[in-house]
Amino acid sequence: MARLLRRTLGAIIATVLASTAPMPAAAHGAGAPNAVVTWHVHAQAAIFDVARQTPNAASRSFAMVQGAVFDAVNAIAGAPYEPYLVAPESSRGDSVPAAVAASAYRVLVSLFPAQADALRARYDEELTRIPDGRAKRGGIAVGEAAAAAMIADRTGDGAFDTSVTWPVSEVPGGYRLTPPNFVQSGAWYAYLKPFVVRDPTRYRVSGPPALTSADYARQLNEVKSLGAAGSTARTPAQTEAAIWWDDFHMVEWEIRRVLATGQRLGNLATARLFAQTDMATVDALISCYQQKRHWSLWRPVTAIPLADTDGNPATVADPAWQPLRVTAPSPEWPSGHACYTSATMVSFRAFFGRDRLPFHAFSPDSGTTRYFDSFAKAQAEVQSARIWAGVHYRGATVLGDQLGTAVTREVVRSFAQQNRP
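Rules of the game
- Residues numbered from 1 in each chain as written.
- Predicted model: local features only at pLDDT ≥ 70, side-chain atom pairs only at ≥ 80, totals over all residues.
- Heavy atoms only, no water.
- Helix = DSSP H or I, 4+ residues; strand = E, 2+ residues; numbered from the N terminus.
- Buried < 20%, exposed > 50% of the residue type's maximum accessible area, 1.4 Å probe, protein only.
- Contact = heavy atoms within 4.5 Å.
- Areas by Shrake-Rupley, 256 points an atom, 1.4 Å probe, with all protein chains shown as cover.
- Lys, Arg positive; Asp, Glu negative; His and termini not counted.
- Charge placed at Lys NZ, Arg CZ, Asp CG, Glu CD.
- Phe/Tyr/Trp six-rings, centres within 6.5 Å; stacked < 30°, edge-to-face > 60°.
- Axes fitted to C-alpha atoms, helices over the stretch in contact; angles between N-to-C directions.
- Parallel < 35°, antiparallel > 145°, perpendicular 65-115°, else oblique.
- Nonpolar A, V, L, I, M, F, W, Y, C, P; charged D, E, K, R; others polar.

Draft legend 1. Highlighting the overall build of the protein chain. Within the protein chain, the secondary structure is distributed over 14 helices and two strands. With the C-alpha coordinates aligned to their principal axes, the bounding extent of the protein chain is approximately 75 × 45 × 40 Å. Going through the 421 residues of the protein chain one by one, you find that 58% of them count as buried. In the protein chain, of all internal contacts separated by at least 6 residues, the share reaching a separation of at least 24 is 81%. Summed over its atoms, the accessible surface of the protein chain is roughly 16,500 Å², and 55% of this surface lies on carbon and sulfur atoms. In the protein chain, 40 side chains carry a positive charge and 35 a negative one; their mean positions are 4 Å apart.

Draft legend 2. Molecular detail of the packing of aromatic side chains. Summed over all chains, the structure comprises 18 aromatic pairs. Ring plane angle 45 degrees and centroid distance 5.2 Å describe the contact between Phe-62 and Trp-253, whose orientation is recorded as tilted. You can see Phe-62 sitting in helix H3 (residues 55-76) and its partner Trp-253 sitting in helix H9 (residues 251-262), a full 191 residues away along the chain. A residue is classified by how much of its surface remains accessible, and Phe-62, at 1% relative accessible area, is buried.

Draft legend 3. Here's a closer look at the packing of helix H4 (residues 96-111) against helix H5 (residues 116-127). Axis separation between H4 and H5 bottoms out at 10 Å; the angle between their running directions is 175 degrees. For the element pair H4 / H5, the angle class is roughly antiparallel. Contacts from Ala-98, Ala-101, Ala-102, Tyr-105, Arg-106, Leu-108 and Val-109 in H4 reach Leu-119, Arg-120, Tyr-123 and Leu-127 in H5. Across the contact of H4 with H5, the residue classes tally to nine nonpolar, no polar and two charged.

See below:
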């Protein structure tokens, strides 16, 4: 396990170094690396590259890590922002890198006890870079206190409750388990304790069009044409975008780091950006999954082969139809990925106070790097990309974007507000 984690970390770090612009030495103080970015890389290795958590489960894990990191860094800075959970007692000069390492490490070990040895090796290696002394001991104490608060707060939050399942129906339009594995997975997310929002049930979307309507036929026929595995209507650029956005190695993780590095953020600003964004994605997905459960519409991979049962003369069944990408095991309406990416981009826009900023990320699945000059363009592209992938109807992506935007606005209003002197 330790050897696997070391190999994985080496690959990720190489990607980060290759994809981010060099930074002036003064950006983080005497050329010191941004400890929050460093431990975000380590967190990704543990959460995805080793544990292989699904994107929704990974969102919770990242939010726990980054929330603890934010509280630790904020405390050492003198609590200029309201803490998420706690502001541990700290002394002037406590080591921020030590606090970041301790908070991230303790949360990761609580999440992945099977990786304890590998994580300890990584933690010890990072600590050797910090001079011994009172500042180091103080930073570790602050980080451990922040982590303990986060671990306690998320205990029993509803995560991974396999007794919760998606309702399945044989009625035309009702959700059916999706190929290739036809598994029940992820339904617990609808009941997960939110990180910031008061009431995730407040956020709702309008329902799907009636199966017999012209609107439904248009949406189904669009994804049938553009989202088929062997589609001739989809362009090569659209195929690349569909795969790039669908990669379980979420491009949004790298985008966070690219922005923090490219905009030369310090540890506190990075910690605040990462925590706000990760908590927004979780809370958006909770509302999204509640709406999925409520509307419980069949996915295109089910609807297109069974179109002769929907009562709509403008749809034609194709029993052999297959989407470009594998359909996630959750009902349609709205799109979870649209909710997630909207939350991410809206959080970025709110943090930086503008829409136009350059960023990019590499997808191992597509083997390509995509570049954007605004958050709005990314939001718009992911909506179409889910159709090109063959996994969502147009309305589901539009409404997912709207829901993610609305939830994130509450998160931004509530999280880490500036303390007044």
